[in-house]
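# Residue-level structural notes
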Number of protein chains: 4
Amino acid sequence: MIIVMKQDAAKDDVTKIVAKIENAGLKTHLSVGEEVTIVGVIGDKTKLDVDAIAAENSVQKVVPITESYKLANKKFHPEPTSFAVKNTFIGPDNLTIMSGPCAVETEEQLLCIARAVKKAGATILRGGAYKPRTSPYSFQGLEEEGLRYMKTASDETGLATICEVTSAHAVESAVKYVSMLQVGARNMQNFELLKEVGKTGLPVLLKRGLSATIDEWLNAAEYIMASGSQNVALCERGIRTYETSTRNTLDLSAVCVLKERTHLPVIVDPSHATGVRSYVEPLAKAAVACGADGLMIEVHNDPAHALSDGPQSLTFEQFDSVMEHIRPYAKLAGRTL
Amino acid sequence: MIIVMKQDAAKDDVTKIVAKIENAGLKTHLSVGEEVTIVGVIGDKTKLDVDAIAAENSVQKVVPITESYKLANKKFHPEPTSFAVKNTFIGPDNLTIMSGPCAVETEEQLLCIARAVKKAGATILRGGAYKPRTSPYSFQGLEEEGLRYMKTASDETGLATICEVTSAHAVESAVKYVSMLQVGARNMQNFELLKEVGKTGLPVLLKRGLSATIDEWLNAAEYIMASGSQNVALCERGIRTYETSTRNTLDLSAVCVLKERTHLPVIVDPSHATGVRSYVEPLAKAAVACGADGLMIEVHNDPAHALSDGPQSLTFEQFDSVMEHIRPYAKLAGRTL
Amino acid sequence: MIIVMKQDAAKDDVTKIVAKIENAGLKTHLSVGEEVTIVGVIGDKTKLDVDAIAAENSVQKVVPITESYKLANKKFHPEPTSFAVKNTFIGPDNLTIMSGPCAVETEEQLLCIARAVKKAGATILRGGAYKPRTSPYSFQGLEEEGLRYMKTASDETGLATICEVTSAHAVESAVKYVSMLQVGARNMQNFELLKEVGKTGLPVLLKRGLSATIDEWLNAAEYIMASGSQNVALCERGIRTYETSTRNTLDLSAVCVLKERTHLPVIVDPSHATGVRSYVEPLAKAAVACGADGLMIEVHNDPAHALSDGPQSLTFEQFDSVMEHIRPYAKLAGRTL
Amino acid sequence: MIIVMKQDAAKDDVTKIVAKIENAGLKTHLSVGEEVTIVGVIGDKTKLDVDAIAAENSVQKVVPITESYKLANKKFHPEPTSFAVKNTFIGPDNLTIMSGPCAVETEEQLLCIARAVKKAGATILRGGAYKPRTSPYSFQGLEEEGLRYMKTASDETGLATICEVTSAHAVESAVKYVSMLQVGARNMQNFELLKEVGKTGLPVLLKRGLSATIDEWLNAAEYIMASGSQNVALCERGIRTYETSTRNTLDLSAVCVLKERTHLPVIVDPSHATGVRSYVEPLAKAAVACGADGLMIEVHNDPAHALSDGPQSLTFEQFDSVMEHIRPYAKLAGRTL
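Calculation rules
Along each chain, residues carry numbers from 1 onward, in the same order as the chain's sequence is written. Chain A is the first chain written and ligand 1 is the first ligand written, with later ones labelled in order. Per-residue local features of the predicted model are confined to residues with pLDDT of at least 70, and side-chain atom pairs are confined, for both listing and counting, to 80 or more; whole-chain, interface and lining totals are unaffected and use all residues. Side-chain measures were taken over the full set of non-hydrogen atoms in the model, leaving aside hydrogen atoms and water. Numbering of helices and strands runs from the N terminus, with a helix taken as a DSSP run of H or I at least four residues long and a strand as a DSSP run of E at least two residues long. Whether a residue is buried, partly exposed or exposed follows from its accessible area with a 1.4 Å probe, protein chains only, as a fraction of its type maximum: under 20%, in between, or over 50%, in that order. Contacts are assigned to residue pairs that have any heavy atoms within 4.5 Å of one another. Only the protein chains shown count as covering a residue, and every accessible area follows the Shrake-Rupley method with a 1.4 Å probe. All axes here are fitted lines through C-alpha atoms, helices being fitted over the stretch that makes contact, and every angle between N-to-C directions spans 0 to 180 degrees. Oblique is the label for any angle not under 35 degrees, not over 145, and not in the 65 to 115 range, which are roughly parallel, roughly antiparallel and roughly perpendicular in turn. With the far helix as reference, a near helix turned anticlockwise by less than a right angle produces a left-handed crossing, and one turned clockwise produces a right-handed crossing. C-alpha atoms of residues with pLDDT of at least 70 in both copies form the basis for the least-squares superposition of the copies. Delimitation of the domains relies on an automatic or database domain assignment. Paired strands are those between which DSSP finds at least two bridges. Stacked, tilted and edge-to-face pairs are distinguished by plane angle, under 30 degrees for stacked and over 60 for edge-to-face with tilted covering the rest, among Phe, Tyr and Trp rings (Trp via its six-membered ring) whose centres lie within 6.5 Å. Nonpolar cores were defined as sets of buried Ala, Val, Leu, Ile, Met, Phe, Trp, Tyr and Cys residues, with membership established by side-chain atoms within 4.5 Å. Salt bridge, as used here, is a side-chain nitrogen of Lys or Arg placed within 4 Å of a carboxyl oxygen of Asp or Glu. Using a 1.4 Å probe, buried area is obtained as the accessible area two parts lose upon being combined, added over both of them. Pairing of N or O atoms within 3.5 Å defines a polar contact, subject to two protein rules: one partner must be a possible hydrogen donor and the other a possible acceptor, and residues neighboring in sequence count only if both atoms are side-chain atoms. Throughout, disulfides are identified as pairs of cysteine sulfur atoms within 2.5 Å of each other. Along the arc lie the directions from the helix axis toward the C-beta atoms.

## Observations regarding the overall build of chain A
Helices and strands together make up the secondary structure of chain A, namely 11 helices and 14 strands. Here chain A, with 337 residues, has 65% of them falling under the buried criterion. Pairs at least 24 apart in sequence give 68% of the contacts found in chain A among residues at least 6 apart. Total accessible area on chain A is roughly 11200 Å²; 50% of this is exposed by carbon and sulfur atoms.

So this is what it looks like as structure tokens:
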């Protein structure tokens, strides 16, 4: 951490800051320049009250040098993480495909979709039972009933399953039925939920918040890991920008940044990122090309009658075709699909 | 709602869409142009599956005309809402000042701050007992102990109190101690929390999400209102943009937009919006000038030792001075302070 | 400037960086920490090739401490700048009102508007003769003919005048007819135009780019000042964000930031920022309340027939009313209007 | 175009709007709903004053249905455009590689880089002679001298060349020396420059503005095409967002959107988009995978001594390796490299 003093800071101001840091058991290096004085801080910054230092009138800015996340940090865990979800793996050797409907609607629908996505090559069945919807008057999901259908579909097809959870209560139910928990974009900084999810020890998919920085995202993963679950995958699903041609702006450079900063696997969701069916295939290929460990793709037996997010869902035929076209990209990337 | 068909949509495609809408009990108006055909939809859109229509291949776009929120909508409730919080009011006649520390630290600290902000003219004491922090290793608040101190401070000074809640569990505790609940920016779309908060019937302050649109924000208010609490105030606290000179970008035009769309009162928080102490006064004045019903301002007895958000907190002297400078603006705006 | 070395940088890497800096005639301060080594750079950074240092594999990041703009910098010119535009002044004692139509249409129209805005209290007549329009098929302005009308209106009413220039050719014409040149948002980083404008020595209004940071904006002002014109005013006109309720997001905190970093006057344009007539008055008041030195407000004799930007233009009656309501705010701010 | 009337609009208001449209020679379709009245407009909208209609008090909003660009529009030109640049082609059959230094520094440097990039497979040499720099005190390019070096390098190696132009004056010089003109991000809406560039008839690369929407970008292309040059390629180079881990956020979904809306070729520049050398290869692969017609990649003989943008430049060895790794992706995409 570096503390940049204001240009008009007096010697006494600097002394005061230095004392504050050294009293907390850390060391300092002074660099007195013609324009400004800089105080370098050496040691364990968790012992230090950074906001209090930034609050001093004599301080211009505080520049962090090291990251606040540790368990998720590649520096302390250089090898990429791989973990099992039921009988499949997420990690550097595979291209994991998570597919299914946005919302679970009926048992028949889910079984029918599960068989289709399995046949095409997916290994994890996704399906929403708790839907965070902008309006209180929109369909909010089948809740526990939907989870039961997920279990039935898993039992019948052998697919692993993943469901979004939106409250401590939903976590409690979900652990009984599904293989992996998902934290959605709107809850990425619902820290109480992150802790609940972490306590289950189940694998977790953490979607990026609508306007979360990569560092905030990794700190959210740290919440889950510090609570118990070490098996966290990060899911890029588009960020909010001024551009309205796509629902969100898919940030594929985030895949590259994550690969440098963390050992956790990275999944890309081109369906939610764009909200447009025809963009799913090209961006799925792009995601694989730049290093993603998996894809989340929405599939529906009848997109025009889907209860949620129809416009971006693929039909079975479309999904088959996308999977076929992705295979050579997975091969190029050295991943099993 | 207007449905714009694709340029190459066939007559049959249009017939299919029209049938779908009329089967749901709504009426349509066709407008067949040289370039495109437009289907106007008339009637109660909650009966209609909008996503399913947007998912049709023949549809170019769906343009919403009316808002999805009703209880929060000015159209159905043209008079501005005013409501009591303990012995004070939030509404068009007052300029409500909510002040206090970012985080409650000790009973002495809180009492000392409560007395100071009361003397300067604040009527609601703010103080965080549950702190949503980016890193799991940062101070997370005193929880129920902090709430108890809030109650003591309220009992002694007569001030109303407000506390952020971050989980169903926190809501359960908070109702025993404070006058008003706050939902923070990171939880604005934590819909389960919104429902819990709404069920208490207490007045609620709903902060705008980091990158929430005004319509998403009003829909979040609708969640609370539909669950029970009609007394919701909206708090603009800056949105996330590319500009880094301030922590967030305070969106004062949102105050104007809200005054057109909703009857709910609007509070502005210049402390969190900017993160810079010296910008609090000018932006507080600006907020009053453009129609805000209140201000949330952080005050601390010793900002340089605050456990959270010191850089933006005002000292007692600074707060006294800000209050004195705001009074003529409140008077110009026809509000009691 | 501070250079943060990568954690795995060798001693030799540091030595190489230090040598590079000292060879350029600057001094360094080393701060060797447990985690990272930091090189502080002292002296005139314009002698140094910063990009080349950032390009070294051993360097993690380069943190600028001092600003790259000098003429526009408050540090070297602490007193607020005030300058004459024809027979009026822009500076800390006045609230300058620049009003008129978005686009000059006819001589009669302009004269009629000029008389109306003068009567209401404006001192500078604005009017576009060169219009930067998104589509090549939209009305592009009357060009030199429009400038002539501006001169006529100025001669008749005594108002100073301001016109946007969009090319070296337009600058050449404009100097013959108007009192002040305007550089529009889309040309804020058209550096060749900035130089041309600076060479005229005329007062200049520099609008903020659609997504320009405050530092980029001040560097753009520096281009003008380094080319000759010292009399630059900065105009906040909204930035581009994800929010679509207003055309742009008016960033009033920028007024506060500018007042700390520069001595140049700051004008606020609520008309272009919001694109909505009814938001002009409340945001104009807010701008005055937080320290703006002036306002730019669009006025049109017949907004519903304006050739450009009608929706945000005020009628004469509306403008009279806005001016009347702003007066007490100007008085509170200690400014003559 | 659809005009949505305000809920409280009177019959007379609607009649007035309809008359206005029909007087301009267009037809209307009325759709009178329970909530709102909608006026559909049929015919050539360029005859209509859209802003004037939006300015009417009775109008809630105007929704455009058809695009304002025609020459760039895929609807009127469904086949993808292919065009020659010296002895190479940009279009659907090739993967065009444009490589070279950010800024031209010396003749030797440029020749050395030209030979290296040619050997690795590039067909167009890029090199800046006019550099738009944020600060007036940064290196601004060799200007005409740099253009001469580009010509020499082209003559010697046979490579086509591309140079950014920043003013009418630079255009005049550049046409004498280079094969293709580039308009940079900061000048994307410098409409006077777009017209000058269009008049030359040379092929043009139009970079996306820092925060330009895709429609604004296509309208900028329309300016060039309407002025004469039909051979325009669009270059995605990252947009400005809140995320700071990369210099800009590369928007690869824009490639998909452009492929639907325009017949013009699309180039992707991962070097400027990210500003980080190690992200160039993965994002170059991703760009090819999602349909890009070419790549612009910065290469420098000695990045640590580059006069501009060193941190993102590749060395010759790195560029050779990137090219080798991209080849199988070009092959998969059915493109010659």
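## A closer look at the environment of Ile-214 of chain B
Residues and elements named next belong to chain B. Assignment of secondary structure puts Ile-214 in helix α7 (residues 214-227). By relative accessible area, Ile-214 is classed as buried at 1%. Sequence separation between Ile-214 and Gly-141 is 73 residues; the distance between their C-alpha atoms is 30 Å.

## With respect to the packing of helix α3 (residues 107-120) of chain B against helix α4 (residues 144-157) of chain B
Residues and elements named next belong to chain B. As a packed pair, α3 and α4 sit with axes 9 Å apart at the nearest point and diverge in direction by 40 degrees. Taken together, the axes of α3 and α4 lie oblique to each other. Pair α3 / α4 crosses with right-handed handedness. Residues Glu-107, Leu-110, Leu-111, Ala-114, Arg-115 and Lys-118 of α3 form the contact with α4, whose participating residues are Tyr-149, Met-150, Thr-152, Ala-153, Glu-156 and Thr-157.

## Some details on the relation of the copies chain B and chain D
With an RMSD of 0.1 Å, chain B superimposes on chain D once it is rotated by 180 degrees and translated 0.0 Å along the axis. Each copy turns onto its partner about a two-fold axis. Residue Tyr-242 of chain B, judged by its C-alpha, is the member of chain B lying nearest the rotation axis, at 2.1 Å.

## Some points on the domain arrangement of chain A
Entries for chain A in the domain assignment read domain 1 (2-63) and domain 2 (74-332). The straight-line distance from the C-alpha centre of domain 1 of chain A to that of domain 2 of chain A is 43 Å.

## Digging into the sheet that holds strand β4 (residues 59-63) of chain A
Residues and elements named next belong to chain A. Pairing is antiparallel in the open sheet, where four strands are placed in the order β2-β3-β1-β4. Of all strands in the sheet, those with a lone pairing partner are β2 (27-32) and β4, marking the two edges. Neighbouring strand axes in the sheet, compared pairwise and without regard to direction, differ in orientation by 20 degrees on average. Of the pairings in the sheet, the one linking β2 to strand β3 (residues 37-42) comprises six bridges and is antiparallel in character.

## Regarding the relation of the copies chain A and chain B
At an RMSD of 0.1 Å, chain A and chain B line up after a rotation of 180 degrees and a shift of 0.0 Å along the axis. With an isologous cut-off of 70% or more, the 100% of interface residues of chain A that recur at the interface of chain B puts this contact in the isologous class.

## Overview of the packing of aromatic side chains
Going through the model one piece at a time under the given rule, you end up with six aromatic pairs over all chains. Between Tyr-329 of chain A and Tyr-329 of chain D, the ring centres sit 6.1 Å apart and the planes meet at 40 degrees, which makes this aromatic pair tilted. Residue Tyr-329 of chain A is located in helix α11 (residues 316-332), and its partner Tyr-329 of chain D is located in helix α11 (residues 316-332); the two belong to separate chains. Pair check on accessibility: Tyr-329 of chain A and Tyr-329 of chain D agree, each one buried. Geometrically, the ring pair formed by Phe-191 of chain C and Tyr-223 of chain C is stacked, given 4.5 Å between the ring centres and 25 degrees between the ring planes. Taken together, the residues span a long stretch of sequence, with Phe-191 of chain C in helix α6 (residues 191-199) and Tyr-223 of chain C in helix α7 (residues 214-227) at a distance of 32 residues. What makes Phe-191 of chain C buried here is its relative accessible area of 4%.

## Concerning the nonpolar core
Residues Leu-206 of chain B together with Leu-206 of chain C are the most contacted members of the largest nonpolar core, which totals 162 residues. Sequence-distant contacts of Leu-206 of chain B, defined by excluding residues within four places in its chain, comprise Val-183, Met-188, Leu-194, Trp-217, Ala-220, Ala-221, Ile-224, Val-232, Ala-233, Leu-234 and Cys-235 of chain B. Counting 159 residues, the second largest nonpolar core, distinct from the first, contains Ala-120, Tyr-177 and Ala-289 of chain A together with Cys-163 of chain D.

## Some details on the pattern of salt bridges
The final tally for this structure, using the stated rule, is 68 salt bridges over all chains. Among the ionic pairs, Lys-176 of chain C bridges to Glu-144 of chain C, the shortest N-O distance being 3.4 Å. Here the residue Lys-176 of chain C occupies a position in the loop between α5 (168-174) and β10 (180-183), and Glu-144 of chain C occupies one in helix α4 (residues 144-157), the gap between them amounting to 32 residues. According to the relative accessible area criterion, Glu-144 of chain C is partly exposed, its value standing at 25%. Ionic pairing is found between Glu-192 of chain D and Lys-195 of chain D, a salt bridge with its closest N-O pair at 3.4 Å. Taken as a pair, Glu-192 of chain D and Lys-195 of chain D lie in helix α6 (residues 191-199) at a separation of three residues, close to a single helical turn.

## Some details on the interface of chain B and chain D
In this complex, chain B contributes 27 residues to the contact, which on the side of chain D involves 27 residues. Between chain B and chain D the total buried area reaches about 2100 Å² when both faces are included, carbon and sulfur atoms providing 60% of it. Together, Glu-35, Ile-65 and Tyr-242 of chain B form the three largest contributors to the area buried by chain B at its contact with chain D, with a combined 21%. Applying the counting criterion to the chain B and chain D interface returns zero salt bridges. Taken together, chain B and chain D are joined by zero residue pairs in polar contact (both at pLDDT 80 or more). Put simply, the parts of the chain that give the side of chain B that touches chain D at least two residues each are β1 (2-5), β2 (27-32), β3 (37-42) and β4 (59-63) of chain B. If one sorts the elements of the side of chain B that touches chain D by residue count, β2 of chain B sits on top with five residues.

## Focus on the interface of chain A and chain B
Reports often express the size of an interface as the amount of accessible area lost when the parts come together. Facing 46 residues of chain A, the contacting portion of chain B comprises 46 residues. Of the roughly 3700 Å² buried between chain A and chain B, counting both surfaces, carbon and sulfur atoms make up 47%. If you look at where chain A meets chain B, you find two salt bridges. Linking Arg-240 of chain A and Glu-216 of chain B is a salt bridge whose minimum nitrogen-to-oxygen distance equals 2.6 Å. At the junction of chain A and chain B, the tally comes to 18 residue pairs in polar contact (both at pLDDT 80 or more). Taken together, the elements giving at least two residues each to the side of chain A that touches chain B come down to α2 (50-54), α6 (191-199) and α7 (214-227) of chain A. In terms of residue count, the dominant contributor to the side of chain A that touches chain B is α7 of chain A (five residues).

## Topic: the environment of Gly-100 of chain A
Looking at the secondary structure, you find Gly-100 of chain A in strand β7 (residues 96-100). Beyond its immediate stretch of four places on either side in the chain, Gly-100 of chain A contacts Ile-113, Val-117, Leu-125, Arg-126, Ile-297, Glu-298 and Val-299 of chain A.

## Details of the state of the cysteines
Tallied over the entire structure, the rule returns zero disulfides over all chains. In this model Cys-256 of chain C remains outside any disulfide bridge; the closest cysteine sulfur is found in Cys-290 of chain C, 5.1 Å from its own.

## Overview of the sheet that holds strand β3 (residues 37-42) of chain C
Residue and element names in this part refer to chain C. Reading across the sheet, the four strands line up as β2-β3-β1-β4 and stay open at both edges, with antiparallel pairing between neighbours. Lying at the two open borders of the sheet, with one neighbouring strand each, are β2 (27-32) and β4 (59-63). Taken pair by pair, the neighbouring strands of this sheet meet at an average axis angle of 20 degrees, ignoring direction. Against the sheet, helix α1 (residues 11-23) makes contact with β1 (2-5), β2, β3 and β4, and its axis sits at roughly 160 degrees relative to β2, the strand it touches most.

## Thoughts on the environment of Ser-253 of chain B
Summarising the element assignment, Ser-253 of chain B is placed in helix α8 (residues 253-261). On the basis of relative accessible area, Ser-253 of chain B is assigned to the buried category, the value being 1%. For Ser-253 of chain B and Ala-287 of chain B, which are 34 residues apart along the polypeptide, the C-alpha to C-alpha distance reads 9.6 Å. Not counting the four nearest positions on each side in its chain, Ser-253 of chain B is found in contact with Thr-246, Leu-250, Thr-274 and Leu-283 of chain C. Polar side-chain contacts of Ser-253 of chain B include one of 2.7 Å to the side chain of Asp-251 of chain B.

## Observations concerning α6 of chain A
Residues and elements named next belong to chain A. Within α6, the full set of buried residues consists of Phe-191, Leu-193, Leu-194, Val-197 and Gly-198. Along α6, the residues classed as buried sweep out an arc of 155 degrees about the axis, all on the same side. Contacts made by the buried residues of α6 are with α5 (168-174), β10 (180-183), β11 (204-207) and α7. In the stretch just after α6, Gly-201 is the one whose phi turns positive, near 75 degrees.

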